[in-house]
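# Residue-level structural notes
Residue-level listing of the chains:
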Amino acid sequence: MVYTRKDVSTLTRAERRRFVGALLELKRSGEYDDYVRMHIEYYTPDGESGLRAAHMAPSFLPWHRKFLLDFERALRRVDASVTVPYWDWTRNRTRTAVPWTEDLLGGDGRRSDRQVTSGPFAFRNGRWTITAGVTDTEYLMRDLGRSHDPLTLPTSRDVESAVADPLYDTAPWNSTSPRGFRNKLEGWGPGHPPASWRNHNRVHRWVGGHMVSGASVNDPVFWLHHAFVDLQWSRWRRRHPHARYLPAEPPAPGDAQHGRIVARREKLPPWDVTPQQMEDHGAIYRYA
Amino acid sequence: MTVPVNSASKPTRRRRVLWGLLATGTMATMAPAPPSPGRSAPKEARFAETYRGRRITGASHGAGPSGDPCRAMWHVTVDGHPLPLMRRADGSWMTMVDHYQSYPTPLLAARAAVDELGPTARPAAPDGNDGRMVHGGGRSERSRTPKDHVHGVHA
Ligand SMILES: [Cu+2]
Ligand SMILES: [Cu+2]
């Protein structure tokens with residue numbers, strides 16, 4: 001049965017409660033933190049050696065699609081009615097809009113230490129202690145909108161500039177790729193911050209706290225953000241029906257990216273799937 | 001989409017590779033390489049400063065293990081705790097603490113990490129035994145079995 005991922009702003013009170021409940025249960029069982037660790041482990045920047053599957057690479061989109069699917073399956077084992085909602089940050093743009101409400105993800109971090117003190121993920125509730133981090137901080141942190149130097153969320157025009165590009169990705173297939181939908185959406189722009197922070201990356205910065213670290217999965221907004229990023233890939237495919245994931249073939253020996261990226265029909269680690277197999281999700285889920 | 005039944009459905013159960021991955025990339029935990037006679041002397045650089053109340057130090061040694069002089073090894077610490085650096089393709093630097101942005105120099109990356117760490121947080125550090133990442137007293141350590149490790153990439 002194909003299930004539906006909804007705009008988080010449309011969830012009923014019961015749907016919110018069940019989504020939060022499933023998150024807390026995965027955290028309690030320890031499974032949640034395995035996802036945090038996996039994301040840390042796979043965040044290899046493109047100046048390092050070896051294969052990079054998750055970021056600064058063409059497979060940024062299929063890697064996160066599969067990552068979300070696995071996590072969503074875990075949520076649905078807890079509660080079969082739950083799916084990962086998406087946060088449309090082009091519409092819900094303020095620090096008090098959804099998903100930053102008491103019954104969803106809770107609000108901003110406090111000024112003194114960025115600690116999230118409201119909602120289900122507040123440290124004092126005892127159900128959301130950070131254990132898989134890149135620092136020793138035990139509480140979830142946010143700094144919505146970057147209070148000391150305010151930043152705005154990407155706009156629908158920013159997203160459109162990515163979705164409009166009919167080229168999926170292009171050499172050198174990394175964070176310096178000057179064109180292509182993938183890097184425009186992932187958001188490693190040229191120039192200096194904050195102008196260089198585009199779409200996906202910019203949202204990580206806007207949320208702040210844990211979301212700017214390699215341990216960004218510790219903030220459950222990670223899933224809502226990446227569901228919206230994933231939705232853009234679906235929109236891009238509808239917009240450009242003949243465009244495909246690139247590269248189709250692995251870079252040749254001697255190419256600087258040889259062995260560093262995942263081509264269309266190559267295995268996407270750590271899974272047994274290829275980017276090609278991840279292009280169409282219509283048999284598993286749809287977006288409302 | 002086709003998702004094979006036997007595809008790895010769970011993230012890695014072991015973190016042993018994690019710190020190894022960082023260290024391999026950054027050489028941050030390696031001892032300084034002795035200058036090799038007969039080759040051009042490695043360019044050394046270091047910095048030490050107090051930034052927002054935190055002590056930052058960094059030292060580089062001109063060549064990486066591959067002998068590539070462009071890939072300088074940096075050992076950076078914050079209040080004595082190692083802060084692994086990673087590189088971007090454009091030559092800039094980033095840390096795990098501030099991971100959606102990179103900086104032109106190791107010092108700027110270290111300062112940006114301090115901005116994120118605040119006055120007291122420590123970067124997580126390798127535990128010195130098998131390289132596993134620990135923090136907060138290793139509270140999160142749980143027993144893992146090797147078969148849980150599903151990766152073929154970094155292992
Ligand atoms: Cu990611
Ligand atoms: Cu992300």
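Residues numbered from 1 in each chain as written. Chains lettered and ligands numbered in written order. Predicted model: local features only at pLDDT ≥ 70, side-chain atom pairs only at ≥ 80, totals over all residues. Heavy atoms only, no water.

## What about the coordination of the copper ion (ligand 1)?
When four donors bind a metal tetrahedrally, each ideal donor-metal-donor angle is 109.5 degrees, and when six bind octahedrally, the ideal angles are 90 or 180 degrees. Residues and elements named next belong to chain A. The copper ion (ligand 1) binds to the protein through His-39 (NE2), His-55 (NE2) and His-64 (NE2), with metal-donor distances spanning 2.0 to 2.1 Å. Mapping the donors of the copper ion (ligand 1) onto the primary sequence yields the spacing H-x15-H-x8-H. In this structure, the copper ion (ligand 1) is positioned 3.9 Å from the copper ion (ligand 2). Taken together, the residues span a long stretch of sequence, with His-39 in helix 2 (residues 31–42) and His-64 in helix 3 (residues 60–78) at a distance of 25 residues. Its relative accessible area of 0% is what places His-39 among the buried residues. (Donors = N, O, S within 2.8 Å, 3.2 Å for Na, K, Ca; no water. Helix = DSSP H or I, 4+ residues; strand = E, 2+ residues; numbered from the N terminus. Buried < 20%, exposed > 50% of the residue type's maximum accessible area, 1.4 Å probe, protein only.)

## Some words on helix 6 (residues 199–207) of chain A
For helix 6 of chain A, a buried count of 9 out of 9 residues is recorded, marking the element as mostly surrounded by other parts of the structure. For helix 6 of chain A, the complete set of buried residues consists of A:Asn199, A:His200, A:Asn201, A:Arg202, A:Val203, A:His204, A:Arg205, A:Trp206 and A:Val207. Next to the buried residues of helix 6 of chain A lie helix 3, helix 4 (156–163), helix 5 (181–186) and helix 7 (221–239) of chain A together with helix 2 (106–117) of chain B. Phi for A:Gly208, located one or two positions after helix 6 of chain A, is positive at around 70°. (Contact = heavy atoms within 4.5 Å.)

## Considering the layout of surface pockets
Which parts of space are left empty comes out when a probe the size of a water molecule is rolled across the atoms. By volume, the largest pocket amounts to about 810 Å³. Every residue lining the largest pocket is counted, 39 residues in all, and those nearest its centre are A:Arg114, A:Asp143, A:His148, B:Asp115 and B:Glu116. Per element, the largest residue contribution to the lining of the largest pocket is 7 residues, and it comes from helix 2 of chain B. When grouped by side-chain class, the residues that make up the lining of the largest pocket number 12 nonpolar, 9 polar and 18 charged. (1 Å grid on protein atoms, 1.4 Å probe; cavity = no way out; pocket = protein on both sides within 12 Å on 5 of 7 lines; lining within 4 Å. Points joined across faces, edges and corners; volume = space filled by probe spheres on them. Nonpolar A, V, L, I, M, F, W, Y, C, P; charged D, E, K, R; others polar.)

## So, the coordination of the copper ion (ligand 2)
Listed as protein donors to the copper ion (ligand 2) are A:His200 (NE2), A:His204 (NE2) and A:His226 (NE2); their distances from the metal cover 2.0 Å. Along the chain, the residues donating to the copper ion (ligand 2) fall in the pattern H-x3-H-x21-H.

## Observations regarding empty space enclosed by the protein
Overall, the coordinates contain 5 cavities of 30 Å³ or more when judged by the stated rule. What the largest cavity holds in volume is close to 100 Å³. Lining the largest cavity we find 13 residues, and of these A:Thr135, A:Met141, A:Gly209, A:Ser213 and B:Val97 sit closest to its centre. For the lining of the largest cavity, the per-class residue count stands at 6 nonpolar, 5 polar and 2 charged.

## Observations concerning helix 4 of chain A
All names here are of chain A. Listed as buried for helix 4 are Val-159, Ala-162 and Val-163. Take helix 4 and look down its axis: the buried residues cluster within an arc of 95°, on one side only. Buried positions along helix 4 lie against helix 5, helix 6 and helix 7. (Arc of directions from axis to C-beta.)

## Side note on the environment of A:Ala80
Residue and element names in this part refer to chain A. Its location among the elements puts Ala-80 in the loop between helix 3 and helix 4. Classification of Ala-80 as exposed rests on a relative accessible area of 58%. C-alpha separation for the pair Ala-80 and Ala-22, spaced 58 residues apart in sequence, amounts to 9.6 Å.

## Focus on the packing of aromatic side chains
Residues and elements named next belong to chain A. All chains considered together, the criterion is met by 30 aromatic pairs over all chains. Seen from their ring centres, Tyr-3 and Tyr-285 are 6.1 Å apart, and the 20° between their planes marks the pair as stacked. Of the two residues, Tyr-3 sits in strand 1 (residues 3–5) while Tyr-285 sits in strand 2 (residues 285–287), which places them 282 residues apart along the sequence. Both residues of the pair, Tyr-3 and Tyr-285, count as buried. (Phe/Tyr/Trp six-rings, centres within 6.5 Å; stacked < 30°, edge-to-face > 60°.)

## Some thoughts on the sheet that holds strand 3 (residues 73–78) of chain B
Residue and element names in this part refer to chain B. Taken together, the 4 strands give an open sheet; going across it, the order is 1-2-3-4, and neighbouring strands pair in antiparallel fashion. Only two strands of the sheet have a single partner each, and these edge strands are strand 1 (45–51) and strand 4 (81–82). Where strand 1 lies against strand 2 (residues 54–61), 7 bridges are found, and the strand directions are antiparallel. The partner of Ala-45 across the bridge, within strand 2, is Ser-60. Across the sheet, helix 2 touches strand 1, strand 2 and strand 3, and the angle it forms with strand 1 is around 25°. (Pairing = 2+ DSSP bridges. Axes fitted to C-alpha atoms, helices over the stretch in contact; angles between N-to-C directions.)

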